[in-house]
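Reading the structure
For reference, the chains in residue letters:
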Amino acid sequence: MSPRPSLFGLALAAMSTLIAAGPCDLYSSGGTPCIAAHSTTRALYNAFTGALYQVKRGSDNTTTTIAPLSAGGVANAAAQDSFCASTTCLITIIYDQSGHGNHLAQAPKGAFSGPESNGADNLASAIGAPVTLNGQKAYGVFVSPGTGYRNNAAKDTAKGDVAEGMYAVLDGTHYNGGCCFDYGNAETSSLDTGNGHMEAIYFGDNSGWGTGAGSGPWLMADLENGLFSGSDPKNNAADPSISSRFFTAVVKGGPNQWALRGANAASGSLSTYYSGVRPKASGYNPMSKEGAIILGIGGDNSNGAQGTFYEGVMTTGYPSDATDNLVQANVVGARYATTSLTSGPALAIGSSISLRATTAGYTTRYLAHTGATVNTQIVSSSSSTGLKQQASWTVRSGLANSACLSFESKDTAGSYIRHYNWELQLNANDGSKQFHEDATFCPQAGLNGQGSSIRAWSFPTRFFRHYNNVTYTGSNGGVHFYDAATSFNNDVSWAISTGFA
Ligand SMILES: *[C@@H]1O[C@H](CO)[C@@H](O)[C@H](O)[C@H]1NC(C)=O
Ligand SMILES: *[C@@H]1O[C@H](CO)[C@@H](O)[C@H](O)[C@H]1NC(C)=O
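Cut-offs used in this document
Residues numbered from 1 in each chain as written. Chains lettered and ligands numbered in written order. Predicted model: local features only at pLDDT ≥ 70, side-chain atom pairs only at ≥ 80, totals over all residues. Heavy atoms only, no water. Near = heavy atom within 4 Å. Polar contact = N/O pair within 3.5 Å; in protein donor to acceptor, adjacent residues only side chain to side chain. Areas by Shrake-Rupley, 256 points an atom, 1.4 Å probe, with all protein chains shown as cover. Phe/Tyr/Trp six-rings, centres within 6.5 Å; stacked < 30°, edge-to-face > 60°. Helix = DSSP H or I, 4+ residues; strand = E, 2+ residues; numbered from the N terminus. Buried < 20%, exposed > 50% of the residue type's maximum accessible area, 1.4 Å probe, protein only. Lys NZ or Arg CZ within 6 Å of the ring centre and 35° of its normal. Nonpolar A, V, L, I, M, F, W, Y, C, P; charged D, E, K, R; others polar. Disulfide = S-S within 2.5 Å. Expected span 1.5 Å × (residues − 1). Arc of directions from axis to C-beta.

1. A look at the site of ligand 1
- Surveying the vicinity of ligand 1 reveals the residues G361, Y362, R365 and N469.
- Between an oxygen atom of ligand 1 and a side-chain N or O atom of R365, the distance comes to 3.0 Å.
- The side chain of N469 places a nitrogen or oxygen atom 2.5 Å from an oxygen atom of ligand 1.
- Notes on ligand 1: free accessible area 360 Å², of which the protein chains cover 43%.

Written as structure tokens, this is what we have:
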């Protein structure tokens, strides 16, 4: 008898083809191809070698594009690190890999204004969300409140009641209750044009419209004028609170049918949180989808939310559960993992440190406080004990993220440096999630080559900056006087020494 390939062998061959495929190859095979594919971490097609995203650096406002290391591979983070060395970088464009030209760029003013002087939203720092994929470093899109991306002229996206699907890989631990950390289909006008004019992934713990089990955060669908955890009633106990560090979110919708599915993006398979009919309130059946694409904001440019986006796509047609499941297996195979958020001189937990300004003319001044105001003051070995204590800080594990740090006052135990209205203040830790986030900072090698630059974990475009001897969290070239590009690198670089006290 001549040997024949066994059914098992054929199945294995088909399986390895699928494993080699990217998420959008899988959606194509399933008959629901991607019409938008966005990722700063990796190629979403097996053969993709083009630009993944564009960054702009603060030193000269020039841009460069970041591509995968190889066809279908992980982003070339080293190229970003080299381009952005000794300065700051923003993610300016997230390119569409699908060939439909549906790139995402800075979201313009909508019904709500963003923080930029023209009402646009902020761009994300290029370094706020480092991760590894199969051991290779890449950067996600860390969306702080006020940050947003959009394409109001997207092509070939679902309109009206036409079916579509989408998934995104998110940070399951970075969220808030603001409206709305979304990815998906929205209004082309940046205005709220009514029920059913959106269909987007939402992630966070906003409980104003829908809720799931526990206290959140939840995956819900933003269908406009409502975040839906299911159909009716408003609470869907089958929509779980998410606690995995990496989270795969799936939303899909067609005529009087939609579904929410989710999974740990690092292991396991998708669960269906809801699959059924459209909400009963008027406007959701049929839908009136408009086909713009948003990331990090609501359809009307509501920009109070935060979250982290690593990759996501939108499809034409309603993907089968089987196709979603293959995509989840592919995401797990990408092996997302955390990596260090800090660099530069090591700051030992529990140690007392003092931080000296490195700007010429200010190098006798140390980060200190006068009551609740954090400032710089001239301190030396002959200063009073009181002043030495005001200029000494105990290094603590980051209150919101233990991969970063918090700084407790030496003379006011229980009080920490936090940002508030972009000023640095010394406030008592009230135990709230907001305080913990405002008081968590990630040191990196000093931008002027000296000591450390200390960026806000929750706003990674912003660094400890002295200006007129008061301290702020400044962003390089931003809209406030303390964001001035002039002297930025020097004003945000601090020499670290053993604490005076
Ligand atoms: C700020 O510090 C500089 C350098 O020590 C000093 O010359 C200047 O008078 C200070 N200005 C204010 C407003 O405190
Ligand atoms: C870059 O652009 C910003 C915003 O327009 C501006 O404030 C800054 O001075 C520019 N920086 C350089 C180095 O040209």
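The structure having been displayed, the exposition proceeds.
2. Digging into the packing of aromatic side chains
- Under the criterion given, the structure shown has 21 aromatic pairs.
- Both rings, one in W422 and one in F459, keep their centres 4.7 Å apart while their planes meet at 80°; by these two values the pair is edge-to-face. With a gap of 37 residues between them, W422 in the loop between β26 (415-420) and β27 (423-428) and F459 in the loop between β29 (452-456) and β30 (462-467) connect regions that are remote in the sequence.
- Residue classification places W422 among the partly exposed residues on the basis of a relative accessible area of 22%.
- Grouped by ring-pair contacts, the aromatic residues Y467, Y472, F481 and Y482 constitute a single cluster.
- Over the ring of F83 we find R57; its NZ or CZ atom is 4.1 Å from the centre of that ring.

3. Digging into the site of ligand 2
- The local shell around ligand 2 consists of G58, S59, N61, G477 and A485.
- Here N61 contributes a side-chain N or O atom positioned 2.4 Å from an oxygen atom of ligand 2.
- Considering ligand 2 on its own, with 360 Å² of exposed area, one finds that the protein chains cover 42% of that surface.
- Here the shell around ligand 2 is composed, by residue class, of one nonpolar, four polar and no charged.

4. Description of the side chain of R261
- For R261, the position within the fold is in strand β16 (residues 257-264).
- Residue class for R261 comes out buried when judged on its relative accessible area of 4%.
- Side-chain polar atoms of R261 contact the side chain of T272, separated by 2.9 Å.
- A distance of 3.3 Å separates a polar atom in the side chain of R261 from the backbone oxygen of D321.

5. Notes on the state of the cysteines
- Tallied over the full model, the rule gives four disulfides.
- Across the disulfide from C84 sits C89; the S-S distance is 2.1 Å. Judged by the sign of its S-S torsion, about -95°, the cystine formed by C84 and C89 is left-handed.
- Note on C89: relative accessible area 7%, which makes it buried.

6. A closer look at helix α4 (residues 321-333)
- With 13 residues, α4 extends 18 Å from end C-alpha to end C-alpha; this agrees with the ideal 18 Å at 1.5 Å per step.
- Residues of α4 that are buried include every one of T323, D324, V327, Q328, N330 and V331, and no others. Along the axis of α4, the buried residues cluster in a sector spanning 160°; they form a single face.
- Positive phi appears at R335, one or two residues downstream of α4, with a value of about 50°.

None of the figures reported here should be taken as evidence of function without further support.
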